[in-house]
Amino acid sequence: MVILPWENQTTIVEFVLRGLSSNQQLNIFLFVMFFVFYVLIVSGNILIVLVLLSQHLHTPMYFFLVNLSFLEICYTSNIVPKMLLIIIAEQKAISVAGCLTQFYFFGSLAATECLLLAVMSYDRYLAICQPLRYPVLMTGPLCIRLAASSWLCCFLLTAITLVLLSRLTFCGPNEIDHFFYDFTPLVHLSCMDTSLTETIAFATSSAVTLVPFLLIAASYSCILFAILRIPSGTGRRKAFSTCSSHLTVATVFYGTLIAMYLVPSANSSQLLRKGFSLLYTILTPMFNPIIYSLRNRDSHGALKMCLSKKPVFLLS
């Protein structure tokens, strides 16, 4: 019988995250800062969801925005609470099952955001390039199907990678120099052949990141040509204002994502990679509600109306 090299090694049952820093004073500052960021992310996105639903802004664009805000709440809640525990309580160990669970939701939600941004760009394309047919093309049932397909497709595709990861044996060092469990650090800790897992993961991640990126680029290319054909400057500004918020969010999201995954690891320090990870896991979700509430007149007006309402107390 052939004995594989890893069969005589101890199988890892838990992983240890190093976090962001080993300096206790710096960790206290980081804990306070990221706790405040997390509260702002959750409260800001919850406020956006409640305002858009309560003020009856039930157009396709706001329906997709509600989905995006709900996704941001789940996305950051999957990563930040564990990161805060690592920073302040030094609870750095987590079981392999817990690690894979965090990775599954992180990968699924990140991929879903890519598809939702692509769907929103298609919505803006129809609104600007085909305004007369827009109410007929972008119907309520179609919006529901597009949003549901984005969620379902990404959770199913990430499940394939999850199954492959769960079949790996981890027997090397169990420390990960990061603040959450991503795919690359995990496969590097495996002592088995991970070529199949990496190939399938690359194919699925490309499908849910590169394809939506190309659709967004194509949509805004058509939108740009349509805006340039508008004769009046006022009309061009009005048309551009309807998609400026989404364009800003998509640019920030994909900009940080590309910087994180396309920069060769040999030419970038781990600290730099952690910094880029913080951008798209914390800062981007925090800025999204601000961008949509400040740069969109309807949501801005609805937010002001909601906040200006006096509270009503029911006395029994």
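Residues numbered from 1 in each chain as written. Predicted model: local features only at pLDDT ≥ 70, side-chain atom pairs only at ≥ 80, totals over all residues. Heavy atoms only, no water.

A.B. asks: Please explain the overall build of the protein chain as it appears in this structure.
C.D. replies: Secondary structure summary: the protein chain contains 10 helices and 3 strands in total. The buried share among the 316 residues of the protein chain stands at 45%. Taking all contacts inside the protein chain whose residues are at least 6 apart in sequence as the whole, residues at least 24 apart take part in 79%. Only carbon and sulfur atoms are counted for the fraction: they give 70% of the accessible area of the protein chain, which is about 16,600 Å². (Helix = DSSP H or I, 4+ residues; strand = E, 2+ residues; numbered from the N terminus. Buried < 20%, exposed > 50% of the residue type's maximum accessible area, 1.4 Å probe, protein only. Contact = heavy atoms within 4.5 Å. Areas by Shrake-Rupley, 256 points an atom, 1.4 Å probe, with all protein chains shown as cover.)

A.B. asks: How should I be thinking about the packing of aromatic side chains in this particular structure?
C.D. replies: Evaluated as defined, the whole model comprises 12 aromatic pairs. An aromatic cluster of three or more residues is present, and its members are Phe70, Tyr104, Phe105, Trp151 and Phe155. (Phe/Tyr/Trp six-rings, centres within 6.5 Å; stacked < 30°, edge-to-face > 60°.)

A.B. asks: I'm lost on the sheet that holds strand β3 (residues 175-176) in this one. Help?
C.D. replies: Strand pairing in a sheet takes place through backbone hydrogen bonds and is either antiparallel or parallel in direction. Pairing is mixed in the open sheet, where 3 strands are placed in the order β2-β1-β3. Looking along the sheet, the strands with just one partner apiece sit at the ends: β2 (93-95) and β3. The pairing of strand β1 (residues 14-17) with β3 spans 2 bridges and is parallel. Paired with Val16 across the bridge in β3 is Glu175. (Pairing = 2+ DSSP bridges.)

A.B. asks: When you look at the packing of helix α2 (residues 60-88) against helix α5 (residues 140-166) in this model, what are you seeing that I'm missing?
C.D. replies: Helix-helix packing: each pair is described by the crossing angle between the helix axes and the interaxial distance. At their nearest, the axes of α2 and α5 sit 10 Å apart, and the two run at 20° to each other. Viewed along their axes, α2 and α5 adopt a mutual orientation that is roughly parallel. Crossing hand, α2 versus α5: right-handed. Every residue of α5 that contacts α2 at Pro60, Phe63, Phe64, Asn67, Phe70 and Leu71 is listed here: Cys143, Ile144, Leu146, Ala147 and Trp151. (Axes fitted to C-alpha atoms, helices over the stretch in contact; angles between N-to-C directions. Parallel < 35°, antiparallel > 145°, perpendicular 65-115°, else oblique. Left-handed = near helix turned anticlockwise from the far one by under 90°.)

A.B. asks: Just to check I follow, could you spell out the packing of helix α3 (residues 96-129) against α5 for this structure?
C.D. replies: Taken N-terminus to C-terminus, the directions of α3 and α5 make an angle of 145°; their axes are 8 Å apart at the nearest point. In this structure, the crossing between α3 and α5 has a hand that is right-handed. Taken together, the residues that form the contact of α3 with α5 break down as 18 nonpolar, 7 polar and no charged. (Nonpolar A, V, L, I, M, F, W, Y, C, P; charged D, E, K, R; others polar.)

A.B. asks: How should a nonpolar patch on the surface be read in this particular structure?
C.D. replies: On the surface, Ile28, Val32, Phe35, Val36, Val39, Leu40 and Ile88 cluster together into a nonpolar patch covering about 570 Å² of accessible area. Owing to a relative accessible area of 44%, Leu40 belongs among the partly exposed residues under this scheme. (Patch = residues over 30% accessible without salt bridge, like charges linked within 9 Å, V, L, I, M, F, W, Y side chains within 5 Å. Salt bridge = Lys/Arg side-chain N within 4 Å of Asp/Glu carboxyl O.)

A.B. asks: Looking at this model, I keep getting lost on the UniProt feature "transmembrane region" (unreviewed entry) in the protein chain. Mind explaining?
C.D. replies: In the numbering used here, UniProt assigns the "transmembrane region" (unreviewed entry) feature to residues 28-53, 65-89, 101-122, 142-165, 200-227, 239-263 and 275-294. The span residues 200-227 carries 100% helix and 0% strand; its end-to-end C-alpha distance comes to 40 Å. (UniProt positions renumbered as here; feature names shortened; annotations may be inferred.)

A.B. asks: Looking at this model, I keep getting lost on the side chain of Ser121. Mind explaining?
C.D. replies: Relative to the assigned elements, Ser121 resides in helix α3. The contacts of Ser121, once residues within four sequence positions are left out, are Leu215, Ile216, Ser219, Tyr220, Ile223 and His246.

A.B. asks: Which parts of the structure should I look at to understand α5?
C.D. replies: One turn of the α-helix equals 3.6 residues, which is why residues spaced by three or four share an orientation. Look at α5: 39 Å from first C-alpha to last across 27 residues, which is about the 39 Å you get at 1.5 Å a residue. Looking only at α5, the buried set comprises Cys143, Ala147, Ser150, Trp151, Cys154, Phe155, Thr158, Thr161, Leu164 and Leu165. On its buried face, α5 sits against α2, α3, α6 (183-188) and α7 (195-228). (Expected span 1.5 Å × (residues − 1).)

A.B. asks: Would you mind showing me how to read the confidence of the model for the protein chain here?
C.D. replies: Per-residue pLDDT for the protein chain has a mean of 79; in total, 82% of the residues score no lower than 70. Ranking the elements of the protein chain by mean pLDDT puts helix α10 (residues 297-308) last, at 56, and α5 first, at 91. Note on residues 1-9: pLDDT is under 50 here. Beyond four places in sequence and across chains, it has 7 contacts. Between residues 310-316, whose pLDDT stays under 50, and residues either more than four places distant or in other chains, the model counts 0 contacts. (pLDDT = per-residue confidence, 0-100.)

A.B. asks: What is the right way to look at the nonpolar core in this model?
C.D. replies: Among soluble globular proteins, nonpolar side chains are generally buried collectively. Judged by nonpolar contacts, the single largest core of 33 residues is most densely connected at Phe64 and Leu65. Among the secondary structure elements, those contributing two or more residues to this core are α1 (24-54), α2, α3, α5, α7, α8 (233-262) and α9 (270-295). A per-element tally of this core places α3 first, with 7 residues. Core analysis: the next-biggest nonpolar cluster, separate from the first, contains 27 residues, Ile41, Ile79, Leu278 and Tyr280 among them. (Core = buried A, V, L, I, M, F, W, Y, C linked by side-chain atoms within 4.5 Å.)

A.B. asks: Looking at this structure, how should I read the state of the cysteines?
C.D. replies: Between two cysteines, a covalent bond joining their sulfur atoms is known as a disulfide. A complete count under the given rule lists 0 disulfides for this structure. Looking at Cys222, it has no disulfide partner, and the nearest cysteine sulfur is the one in Cys129, 5.7 Å off. Given a relative accessible area of 36%, Cys222 falls into the partly exposed group. (Disulfide = S-S within 2.5 Å.)

A.B. asks: Please explain the pairing of β1 as it appears in this structure.
C.D. replies: Regular strands place side chains that alternate from one sheet face to the opposite one. Of the two faces of β1, the one lined by Phe15 and Leu17 is fully buried and the one lined by Glu14 and Val16 carries no buried residue. In the sheet, β1 pairs with β2 via 3 bridges, with the strands oriented antiparallel. Within the sheet, the bridge partner assigned to Glu14 lies in β2 and is Ser95.

A.B. asks: Sorry if this is basic, but what is going on with α7 here?
C.D. replies: Helix length check: α7, at 34 residues, gives a terminal C-alpha distance of 48 Å against a target of 50 Å (1.5 Å per residue), a fit within 8%. At Ser206, α7 shows its maximal kink, close to 35°. Among the residues of α7, those classed as buried are Thr197, Ala201, Thr204, Val208, Pro212, Ile216, Ser219, Tyr220, Ile223, Ala226 and Ile227. (Bend = angle between axes of the 7 residues up to and from the residue.)

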